[in-house]
Amino acid sequence: MVVVMSPGAPPEHLAAVVARIEQAGAKAFVSRGLDRTIVGVIGEGSRVAELTLAGMPGVATVLRVSEPYKLVNRQACTERSVVWVGSAGREVPVGPGTFTLIAGPCAVESAAQTLGAARLAAGAGATLLRGGAYKPRTFPGVFQGLGKDALRILADVRDATGLYVVTEVIDPADVELVASYADMLQVGAANMQNYALLDSVGRQGKPVLLKRGLQASVDEWLMAAEYVAQRGNCEIVLCERGIRTFETATSATLDLASIPLVQRLSHLPVIVDPTHAAGRRDLIVPLARAAIAAGADGLLIDVHPDPENALVDGPQALAGAELRELASAVRQLPPVLGRRPA
Ligand code: PEP
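Since the structure is predicted, the reported quantities are computational estimates derived from the model, not experimental observations.

### Digging into the overall build of the protein
Secondary structure assignment for the protein yields 11 helices and 15 strands. The C-alpha radius of gyration computed for the protein amounts to 20 Å, which stays within 12% of the reference 20 Å derived for 342 residues, consistent with globular compactness. Expressed as lengths along the three principal axes of its C-alpha atoms, the size of the protein is roughly 65 × 40 × 40 Å. Here the protein holds 342 residues, and 53% of them are scored as buried. In the protein, the proportion of contacts linking residues at least 24 apart, taken out of those at least 6 apart, comes to 70%. As displayed, the protein offers around 14000 Å² of accessible surface, 53% of which is attributable to carbon and sulfur atoms. Each charge sign in the protein was given a centre, from 32 positive and 34 negative side chains, and these centres are 3 Å apart.

What follows is the structure, given as structure tokens:
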């Protein structure tokens, strides 16, 4: 069951709702969004609580939600959510009505390389900068990221370019540190079901970019998002990045159907990462166009000022002609679908 509080309901109304739920022997999970606060009710006492919650001061609606993901369920918010990234007064929206490009290097290698990539990204229409500080790789013994030094570089590049920073956190112990530099915390595909990490990012106030696991069903992905939301953070953007199938010609198989499907099942924004799905530069723009057409709220793209010499994933980084093609797709296609640049 989900209780949707009225916009602007005062804290004492919320406290009374939570107390009533707990008195009934159920658990209350409060998630405060920018527009509304919702309370997930879980446990044996939820039926009892349901009878007495509707009509309490500050309660807009009480909904029965049968799916195991309640707070991120579309039923909890009939309108799709917008997640705002960055500082008050100059936030970047991710969600319906707009289209957000997140771009930057796969890994932060140096200040010059990151600034170069950020300028390319901004030139292509990006408003958010991606860049990996911690890069656990399939092959041990290769470059694994600059860690804290990379976080400092990203923050400096944000100051120089105005692009807000999205970066991956892989260890729950690093969440506070990463959040002190980044504007949005990325949970990578390999960590989608790392519950300690989901718990930790859920307790942080920063928006979360949650990538779909390579072997995760849409339901499992939404349940991972529910973990974050149940810890109090509903500022979550989902990212489809391809799943593992029998096909080996690409890194992963981009599941385009998941975009409209997730938008029916959940109110959370969903963006697409064609870079890590394709794993090869020549397929990224066609997949990006398909993602926009399927209704994605944004794209996540690797760019690099010198892909041939990139320390990580050069063959999938855009630069030059391909980046210009991507920029033109991002400029031209979303407005046809009623979206303005974020
Ligand atoms: C990334 O975005 O840097 C990345 C490694 O992607 P994924 O977690 O989807 O593999």
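Don't stop here, the text continues.
### Looking at the environment of glutamate 235
Here glutamate 235 is to be found in the loop between helix H7 (218-230) and strand S12 (236-240). Considering only alpha carbons, one finds glutamate 235 and valine 72, 163 residues apart in sequence, at a separation of 9.9 Å.

### Overview of the site of the ligand
All residues adjacent to the ligand are Arg130, Lys135, Gln186, Gly188, Ala189, Lys211, Arg241 and His276. In the environment of the ligand, an oxygen atom lies 3.0 Å from a nitrogen or oxygen atom belonging to the side chain of glutamine 186. For the ligand, whose free accessible area comes to 290 Å², the fraction covered by protein is 85%. For the shell around the ligand, a count of residues per class yields one nonpolar, three polar and four charged.

### Some remarks on the domain arrangement of the protein
Annotation of the protein at the domain level lists domain 1 (2-63) and domain 2 (74-341). Spacing between the C-alpha centres of domain 1 and domain 2 amounts to 32 Å. Each side of the interface is counted separately: domain 1 has 12 residues, and domain 2 has 14 residues. In total, domain 1 and domain 2 occlude about 950 Å² of area from one another, counting both sides; carbon and sulfur atoms represent 55% of this. Put simply, domain 1 and domain 2 have zero salt bridges between them. Here domain 1 is connected to domain 2 by one residue pair in polar contact (both at pLDDT 80 or more). Elements represented by at least two residues in the side of domain 1 that touches domain 2 include exactly strand S1 (2-5), strand S2 (27-32) and strand S3 (37-42). Looking at which element gives the most residues to the side of domain 1 that touches domain 2, the answer is S2, with four residues.

### Describing the pairing of strand S10 (residues 184-187)
Side chains Met184 and Gln186 of S10 all project onto a buried face; the interleaved residues Leu185 and Val187 project onto the opposite face, where all are buried too. As judged from the three bridges shared by strand S9 (residues 164-168) and S10, these two strands associate in the parallel manner. Residue pairing in the sheet places threonine 167 in a bridge with leucine 185 of S10. Remark: the S9/helix H5 (residues 175-181)/S10 crossover connection has right-handed handedness. In terms of strand pairing, S10 meets strand S11 (residues 208-211) through three bridges, oriented parallel.

### What to know about the sheet that holds S2
A sheet is described by the order of its strands in space; here four strands give the open sequence S2-S3-S1-S4, paired in antiparallel fashion. The open sheet has two edge strands, S2 and strand S4 (59-63), and neither has a second partner. Between one strand axis and the next, the sheet turns through 20° on average, direction left out of account. Where S1 meets S4, four bridges bridge the pair, whose relative direction is antiparallel.

### Some words on helix H6 (residues 195-203)
Inspection of H6 places Leu197, Leu198, Ser200, Val201 and Gly202 among the buried residues, and these make up the whole buried set. Packing partners of the buried residues in H6 comprise H5, S10, S11 and H7.

### Brief notes about the packing of aromatic side chains
Summed over all chains, the structure comprises one aromatic pair. Judged by centre distance (4.5 Å) and plane angle (35°), the rings of tyrosine 195 and tyrosine 227 are tilted. Taken as a pair, tyrosine 195 in helix H6 and tyrosine 227 in helix H7 lie far apart in primary sequence, 32 residues in all. Tyrosine 195 gets classed as partly exposed once you look at its relative accessible area, which sits at 36%. When its relative accessible area of 35% is taken as the criterion, tyrosine 227 is described as partly exposed.

### Observations concerning the side chain of threonine 98
Relative to the assigned elements, threonine 98 resides in strand S7 (residues 98-104). Those residues within four positions of threonine 98 in sequence are excluded, and the remaining contacts are Pro93, Asp297, Arg339, Arg340 and Ala342.

### Examining unusual backbone geometry
Within the chain, aspartate 313 stands out as a residue other than glycine whose phi angle is a positive 50°. Relative to the helices and strands, aspartate 313 resides in the loop between strand S14 (298-302) and helix H11 (320-336).

Calculation notes
- Residues numbered from 1 in each chain as written.
- Predicted model: local features only at pLDDT ≥ 70, side-chain atom pairs only at ≥ 80, totals over all residues.
- Heavy atoms only, no water.
- Helix = DSSP H or I, 4+ residues; strand = E, 2+ residues; numbered from the N terminus.
- Rg over C-alpha atoms; globule rule 2.2 N^0.38 Å.
- Buried < 20%, exposed > 50% of the residue type's maximum accessible area, 1.4 Å probe, protein only.
- Contact = heavy atoms within 4.5 Å.
- Areas by Shrake-Rupley, 256 points an atom, 1.4 Å probe, with all protein chains shown as cover.
- Lys, Arg positive; Asp, Glu negative; His and termini not counted.
- Charge placed at Lys NZ, Arg CZ, Asp CG, Glu CD.
- Near = heavy atom within 4 Å.
- Polar contact = N/O pair within 3.5 Å; in protein donor to acceptor, adjacent residues only side chain to side chain.
- Nonpolar A, V, L, I, M, F, W, Y, C, P; charged D, E, K, R; others polar.
- Domains from an automatic or database assignment.
- Buried area = accessible area lost by both parts, 1.4 Å probe.
- Salt bridge = Lys/Arg side-chain N within 4 Å of Asp/Glu carboxyl O.
- Pairing = 2+ DSSP bridges.
- Right-handed = clockwise from strand over helix to strand, strands pointing away.
- Axes fitted to C-alpha atoms, helices over the stretch in contact; angles between N-to-C directions.
- Phe/Tyr/Trp six-rings, centres within 6.5 Å; stacked < 30°, edge-to-face > 60°.

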